[in-house]
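Working through the structure, step by step
Spelled out from the first residue to the last, the chains are:
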Amino acid sequence: MVTRLAGVDAFNAEIGITFTMNGEERSASGALVVARPDRVRMRCWGPLGVTVMDLLVADGRATLYLPQEQRALSVPLRDGDRGADVPRQIRALMLMDLLIDELRTADRDWRRDQAQDEAAVLLLDAGTPVTRIVYDPATLLPIRREDLRRGARVEYADYREGVHRFWPGTITVTEGAITVVVTVEDVVENPELNPAVFVMDLPEDTVVERP
């Protein structure tokens, strides 16, 4: 189970995404690219195909571009910057970095969690548990992933068979009052990626906010 994504350095997929923050809900469709060691690019568009959101996570920084508002929000991804002073749009999208963490799973030390009734393993950092993964003992597929430092949780459902492995069709990420639900389709493992995918060139008239 821990080595399920061994050999996967990147993937892309078509997605539907719904954000719920403090009772306010927004939805969009889009495309997602995730690559080791620390890169995410996600673009979402409205019903007419107009881009409404563009997210880049790379080099320890998350940048969210909102073209209809001609502004971008950019914050470093240090643990100390995940507090209430971070704009809620960025805070919600910070949760997407948990998808990167899943690609790193096969490289982590781990041990079985003996203290719980459900089947689970603990991922370790310098011997300290940092992530708990609950899995289906029949299929060995992850059901839930808990970040023990941040209190965030990822739930996996609707698994579909891909070319080499099963991929979840629905991923639900929760942290406090923020919930992000991602529906995933047409996953491609280890696609050829142009380095420009992880470069965001903002228009000159964009107002960049760095809280």
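Structure first, text after, so check above.
Rules and cut-offs
- Residues numbered from 1 in each chain as written.
- Predicted model: local features only at pLDDT ≥ 70, side-chain atom pairs only at ≥ 80, totals over all residues.
- Heavy atoms only, no water.
- Helix = DSSP H or I, 4+ residues; strand = E, 2+ residues; numbered from the N terminus.
- Rg over C-alpha atoms; globule rule 2.2 N^0.38 Å.
- Buried < 20%, exposed > 50% of the residue type's maximum accessible area, 1.4 Å probe, protein only.
- Contact = heavy atoms within 4.5 Å.
- Areas by Shrake-Rupley, 256 points an atom, 1.4 Å probe, with all protein chains shown as cover.
- Lys, Arg positive; Asp, Glu negative; His and termini not counted.
- Charge placed at Lys NZ, Arg CZ, Asp CG, Glu CD.
- Polar contact = N/O pair within 3.5 Å; in protein donor to acceptor, adjacent residues only side chain to side chain.
- Salt bridge = Lys/Arg side-chain N within 4 Å of Asp/Glu carboxyl O.
- Core = buried A, V, L, I, M, F, W, Y, C linked by side-chain atoms within 4.5 Å.
- Phe/Tyr/Trp six-rings, centres within 6.5 Å; stacked < 30°, edge-to-face > 60°.
- Lys NZ or Arg CZ within 6 Å of the ring centre and 35° of its normal.

Let's talk about the overall build of the chain
Across its full length, the chain carries two helices and 14 strands. The C-alpha radius of gyration computed for the chain amounts to 17 Å, which stays within 12% of the reference 17 Å derived for 211 residues, consistent with globular compactness. Projected onto its principal axes, the C-alpha coordinates of the chain cover approximately 55 × 40 × 35 Å. Per-residue burial for the chain yields a buried fraction of 47% across its 211 residues. Taking all contacts inside the chain whose residues are at least 6 apart in sequence as the whole, residues at least 24 apart take part in 43%. In the form shown here, the chain has an accessible surface area of approximately 11000 Å², with 48% of it arising from carbon and sulfur atoms. A gap of 3 Å separates the mean positions of the 25 positive and 35 negative side-chain charges of the chain.

Concerning the side chain of R71
Along the chain, R71 falls in strand β6 (residues 71–76). Residue R71 is classed as buried on the basis of its relative accessible area of 17%. Of the polar contacts made by the side chain of R71, one reaches the side chain of E69; its length is 2.5 Å.

Description of the pattern of salt bridges
For side chains bearing opposite charge, pairing can occur when the charged atoms are close. Summed over all chains, the structure comprises 15 salt bridges. Between R43 and D54 there is a salt bridge, and its shortest N-O distance comes to 3.5 Å. Taken together, the residues span a long stretch of sequence, with R43 in strand β3 (residues 39–45) and D54 in strand β4 (residues 51–58) at a distance of eleven residues. For R43, a relative accessible area of 41% translates into the label partly exposed. Between E209 and R71 there is a salt bridge, with its nearest N and O atoms 3.3 Å apart. Residue E209 is found in strand β14 (residues 207–209), and its partner R71 is found in strand β6; the two are separated by 138 residues along the sequence. Residue classification places E209 among the partly exposed residues on the basis of a relative accessible area of 31%. Connected through shared salt-bridge partners, D113, E118, R132, R144 and E146 make up one network.

Quick notes on the environment of L202
Inspection of the secondary structure puts L202 in the loop between β13 (178–189) and β14. Residues L202 and A72 lie 130 residues apart in sequence; the distance between their C-alpha atoms is 8.4 Å. Filtering out sequence-adjacent residues up to four positions away, L202 remains in contact with Y65, A72 and V208.

A look at the nonpolar core
Counting residues in each nonpolar core, the largest one holds 36 residues, and the members touching the most others are L32, V34, M42 and I171. Take this core: its biggest share by element is six residues, from strand β1 (residues 10–21).

Quick look at the packing of aromatic side chains
Summed over all chains, the structure comprises one aromatic pair. Summarising the aromatic geometry, the rings of F11 and W167 are spaced 5.1 Å apart at their centres and angled 50° between planes, so their arrangement reads as tilted. Taken as a pair, F11 in strand β1 and W167 in strand β12 (residues 166–175) lie far apart in primary sequence, 156 residues in all. Taken individually, F11 and W167 each receive the classification buried, so the pair is uniform in this respect. One cation-aromatic arrangement involves R4 over W167; the distance from NZ or CZ to the ring centre is 6.0 Å.

Remarks on unusual backbone geometry
The omega torsion of the bond from R36 to P37 falls at 5°, within 30 degrees of zero and hence cis. Of note, P37 is situated in the loop between β2 (24–35) and β3. Although it is not a glycine, A126 adopts a positive phi angle of roughly 55°. Residue position: A126 is located in the loop between β8 (120–125) and β9 (128–135). Residue D158 is not a glycine yet carries a positive backbone phi of 55°. By secondary structure assignment, the location of D158 is in strand β11 (residues 153–161). D158 gets classed as partly exposed once you look at its relative accessible area, which sits at 47%.

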